[in-house]
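# Working through the structure, step by step
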Amino acid sequence: MDSQYDKLSQQQIKISIAKPEAKNFIKDNDALSVSCTNSSSDTSREKWGKEIEFLFSCIALSVGLGNVWRFPFIALENGGGAFVIPYIIVLLLIGRPVYYMEVIIGQFASRGCIQAFDMVPLMKGIAYGQVYATALATTYYACVMALTIKYLIASLSEILPWSYCQPEWGPLCISTAAFNHTHLNNTLLGKPTSSAELYFTKTILREKDNIDDGIGLPNWDLVLCLLSAWLIICTILIKGIRSSGKASYFLAIFPYVVMSILLCRALTLPGSLNGIIYFLRPQWDQLLNPNVWYAAITQMFFSLAICFGTLVMYASYNNFRKNVYRDVIIITSVDSMTSILAGCIIFGILGNLAYETNTHDIAHVVKGGAGLAFISYPEAIAKFKYLPQVFAVLFFLMLLVLGIGSNIGMASCVITVIKDRFQYLPHWLLASGMGVVGFIVGLVYTTPGGQYILNLIDYFGCSFIALFLAIAQLVAVSWLYGVKRLCQDIEFMLGLKTGLYWRVCWAIITPGLMFLVLIYSLINYQPLDYKGVKYPDAVYNFAWLIWAVGVGQLPFWAFYTISQQSGKTFKQKLHLALKPTNNWGPLEAKLLDEYNLQRKSFDYNDSLTLSWRSRVYDNIFG
């Protein structure tokens with residue numbers, strides 16, 4: 001691809017001798033290049049206070065609520081211990097290669113994810129769509145933090161409020177402290193419900209049976225918790241990347257302190273070993289089930305927070321020569337090990353719950369997703385004979401810290417994009433504005449129908465958008481920009497040769513597997529529901545509109561970018577839109593000059609004379 005650009009440049013130079021207007025055209029482009037270079041040299045960018053802050057911040061970002069409440073349940077549903085095998089394979093073939101790619105791009109460009117796509121201007125809409133999805137995720141992630149704060153405060157009570165029934169819950173409520181399945185089987189009046197579940201749905205959420213008549217008004221106790229969550233986020237963000245870097249020490253390390261305490265406690269509980277064995281027992285027949293591989297890919301994708309723009313943003317604050325290869329290996333390994341560790345803790349305690357309730361079916365006491373964190377786990381803690389409040393405080397404090405770490409990264413991504421565009425705006429103003437907007441939007445999740453909306457936004461506004469844009473990103477970087485050039489950039493920046501494993505994954509395996517996931521998702525698509533309740537048609541239409549706005553960024557910015565090019569024909573404009581901008585490269589002027597000099601010194605083959613097979617081979621192995 002690069003040799004095509006060089007040949008075109010040589011042809012333009014030859015033409016410029018005969019045609020003054022062509023000469024003027026090239027002269028204008030050179031002037032633009034100088035202007036862009038000068039502007040880049042005048043641009044100063046914050047850096048991490050210490051290099052290790054990048055490592056801790058990425059751990060705090062990637063290790064989040066999904067590791068604690070999503071992975072254990074997903075693993076249990078998809079083969080238990082056998083699920084670890086496809087999970088590790090997916091880590092090696094998708095998670096780690098994409099993580100390394102994004103970190104490299106961010107550090108090389110020293111720009112946020114929008115400007116990082118100056119490498120392929122035509123595809124800049126990918127970054128806009130990712131920031132859009134990240135902004136939506138930030139709003140509902142803060143709401144989950146609000147729920148955690150509510151539970152954290154409730155854990156300070158003399159008696160845990162979810163351990164006993166309240167009169168307004170009716171006769172079908174079964175006190176968690178006396179929860180016994182023999183009691184359940186003898187109840188003939190209807191389906192009994194534990195006090196832990198009723199506390200979550202009736203007291204905390206005040207949840208509606210459906211949203212046919214609207215979502216209702218905000219619950220003001222949750223509003224105050226949401227306000228507290230955003231105050232915490234803004235306090236950390238307000239001084240920029242250096243303040244969040246300092247906070248990363250606590251945000252990354254503290255959850256592991258709590259996990260160690262909870263693991264020790266779990267292992268001392270009767271029945272806990274049965275729960276851990278139940279969690280890790282391999283179901284080998286599940287390895288042939290495509291659902292298991294689909295679950296592993298989606299879990300890895302969202303657990304590592306890849307293709308959301310946040311990693312590019314964090315890496316953009318690194319020193320240009322920082323060797324991030326080791327960091328990527330550490331972060332991706334820690335994330336996966338944390339998921340398994342969290343599973344052992346959760347199921348050790350759920351094994352104790354099954355023991356206390358005289359049931360051999362541990363799956364019967366497990367609820368997935370938020371239910372695992374806010375129903376099953378509190379229910380198990382309520383049965384602790386000694387100091388249940390202490391372990392409740394530790395657990396919800398851990399969840400809060402995990403949520404803060406992830407939300408700091410997502411909010412920083414949005415702020416960085418705005419700051420890269422409007423550099424004169426003070427950081428405290430951007431952080432405050434982010435907090436105000438996030439709080440106002442988040443009010444919708446504090447209503448009695450808020451969980452319906454959260455479920456909708458999570459799927460249509462984040463997951464489904466990210467899947468489409470991830471494939472586009474992999475194609476843009478690996479084939480439009482080129483694996484070959486990306487590896488040359490790595491060698492210029494780090495002095496490292498890129499191995500065959502990375503090249504093949506970037507070019508073929510990773511985008512191929514992601515494409516198969518997309519096809520599988522579309523084939524097996526079912527209208528989204530919440531706890532088996534369908535949404536009104538108008539809500540579905542609104543959800544698809546949210547999705548269209550995110551994915552629609554790609555064609556919109558593609559057409560806009562093409563229209564802004566200086567070529568006379570559509571083909572010329574398209575060609576220029578596929579080419580990196582004049583100032584693409586390191587942000588520092590001296591490094592940019594060295595990079596441009598190196599680019600000119602490369603001896604490219606003339607790919608215009610090569611067959612498509614030869615061009616493919618050259619991109620991967622050249």
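In this report, the structure presented in the accompanying data block is examined. Counting from 1, residues in each chain are numbered in the order their sequence is written. For this predicted model, a pLDDT threshold of at least 70 governs which residues receive local features, and a threshold of 80 or more governs which side-chain atom pairs are given and counted, while totals over whole chains, interfaces and linings are taken from all residues. The basis for every side-chain value is the complete set of non-hydrogen atoms in the structure, without hydrogens or water.

## Here's the deal with the overall build of the protein chain
Put simply, the rule is: Where helices and strands are cited, they refer to DSSP runs of H or I of at least four residues and of E of at least two residues respectively, numbered from the N terminus. Throughout this description, buried means an accessible area under 20% of the type-specific maximum (1.4 Å probe, protein chains only), exposed means over 50%, and partly exposed covers the range between. We call two residues contacting when some pair of their heavy atoms lies within 4.5 Å. Only the protein chains shown count as covering a residue, and every accessible area follows the Shrake-Rupley method with a 1.4 Å probe.
What the protein chain contains, in helices and strands, is 25 helices and 4 strands. Taking all 622 residues of the protein chain together, the buried fraction comes to 57%. Contacts in the protein chain between residues at least 24 apart in sequence constitute 83% of all its contacts with a sequence separation of at least 6. A total accessible area of about 26500 Å² is found for the protein chain, and carbon and sulfur atoms account for 64% of it.

## A few points about the packing of helix 15 (residues 325-356) against helix 16 (residues 370-381)
Formally: Each axis is a line fitted through C-alpha atoms, taken for helices only over the stretch in contact, and angles between the N-to-C directions span 0 to 180 degrees. When an angle is under 35 degrees it counts as roughly parallel; over 145 it counts as roughly antiparallel; between 65 and 115 it counts as roughly perpendicular; any other value is oblique. Take the far helix as your reference; a near helix turned counterclockwise from it by less than a right angle gives a left-handed crossing, and one turned clockwise gives a right-handed crossing. Following the grouping adopted for this structure description, the nonpolar residues are Ala, Val, Leu, Ile, Met, Phe, Trp, Tyr, Cys and Pro, the charged ones are Asp, Glu, Lys and Arg, and the polar ones are all others, Gly among them.
Running from amino to carboxyl end, helix 15 crosses helix 16 at an angle of 50°, the nearest separation of the two axes being 8 Å. Judged by the inter-axis angle, helix 15 sits oblique to helix 16. Like other packed secondary-structure pairs, helix 15 and helix 16 cross with a definite hand, here left-handed. Counted together, Ile 345, Ile 346, Ile 349, Leu 350 and Leu 353 of helix 15 and Leu 372, Ser 376, Tyr 377, Glu 379 and Ala 380 of helix 16 form the full contact between these two elements. Residues of the contact of helix 15 with helix 16, tallied by class, amount to 8 nonpolar, 1 polar and 1 charged.

## What to know about helix 5 (residues 84-109)
The line we're drawing: Each helix should span, by expectation, one fewer than its residue count multiplied by 1.5 Å. Values of bend correspond, residue by residue, to the angle between axes fitted over the seven residues ending at that residue and the seven starting there.
The end-to-end C-alpha distance of helix 5, which contains 26 residues, comes to 35 Å, matching closely the 38 Å that a straight helix rising 1.5 Å per residue would cover. The largest bend along helix 5 reaches roughly 45° and is located at Leu 91. With 21 of 26 residues buried, helix 5 lies mostly within the body of the structure. Trailing helix 5 by a residue or two, Ser 110 shows a phi angle of about 50°, which is positive.

## Some details on the packing of aromatic side chains
Rules: Any pair of Phe, Tyr and Trp rings, taking the six-membered ring for Trp, is counted once the centres come within 6.5 Å. Such a pair is stacked with planes under 30 degrees apart, edge-to-face with planes over 60 apart, and tilted for the rest.
One pass over the structure, following the stated rule, counts 54 aromatic pairs. When the centroid spacing of 5.4 Å and the interplanar angle of 15° are considered together, the rings of Phe 200 and Phe 374 count as stacked. In this pair, Phe 200 sits in helix 9 (residues 195-204) while Phe 374 sits in helix 16, placing the two residues 174 residues apart along the sequence. Taking the centre distance of 6.1 Å and the plane angle of 90° together, the rings of Tyr 452 and Tyr 535 count as edge-to-face. Here the residue Tyr 452 occupies a position in helix 19 (residues 450-494), and Tyr 535 occupies one in the loop between strand 4 (533-534) and helix 21 (537-551), the gap between them amounting to 83 residues. You'll find Tyr 452 and Tyr 535 in the same group, each marked buried. Three or more aromatic residues joined by ring pairs make a cluster, and in this case those are Tyr 151, Trp 162, Tyr 199, Phe 200, Phe 374, Tyr 377, Phe 395 and Phe 396.

## Let's talk about the pattern of salt bridges
What counts is decided by this rule: Think of a salt bridge as a Lys or Arg side-chain nitrogen and an Asp or Glu carboxyl oxygen that are within 4 Å of each other.
Counting across every chain of the model gives 13 salt bridges. Note that Lys 246 and Glu 53 form a salt bridge whose closest N and O atoms lie 3.1 Å from each other. Of this pair, Lys 246 sits in helix 11 (residues 241-267) while Glu 53 sits in helix 3 (residues 52-62), and the two are 193 residues apart along the sequence. Lys 246 sits in the partly exposed class, given a relative accessible area of 46%. Judged by its relative accessible area of 0%, Glu 53 is buried. The salt bridge partner of Lys 208 is Asp 213, with a shortest N-O separation of 2.8 Å. When salt bridges with common partners are traced through the structure, they connect Glu 51, Lys 322 and Asp 327 into a single cluster.

## Concerning the nonpolar core
The criterion, for reference: In this description, a nonpolar core means a group of buried Ala, Val, Leu, Ile, Met, Phe, Trp, Tyr and Cys residues linked to one another through side-chain atoms lying within 4.5 Å. Domain start and stop points were drawn from an automatic or database domain assignment.
With 203 residues, the main nonpolar core has Trp 162 and Phe 395 as its most contacted residues. Per element, the largest residue contribution to this core is 26 residues, and it comes from helix 19. Each of domain 1 (53-578) and domain 2 (589-621) gives at least three residues to this core.

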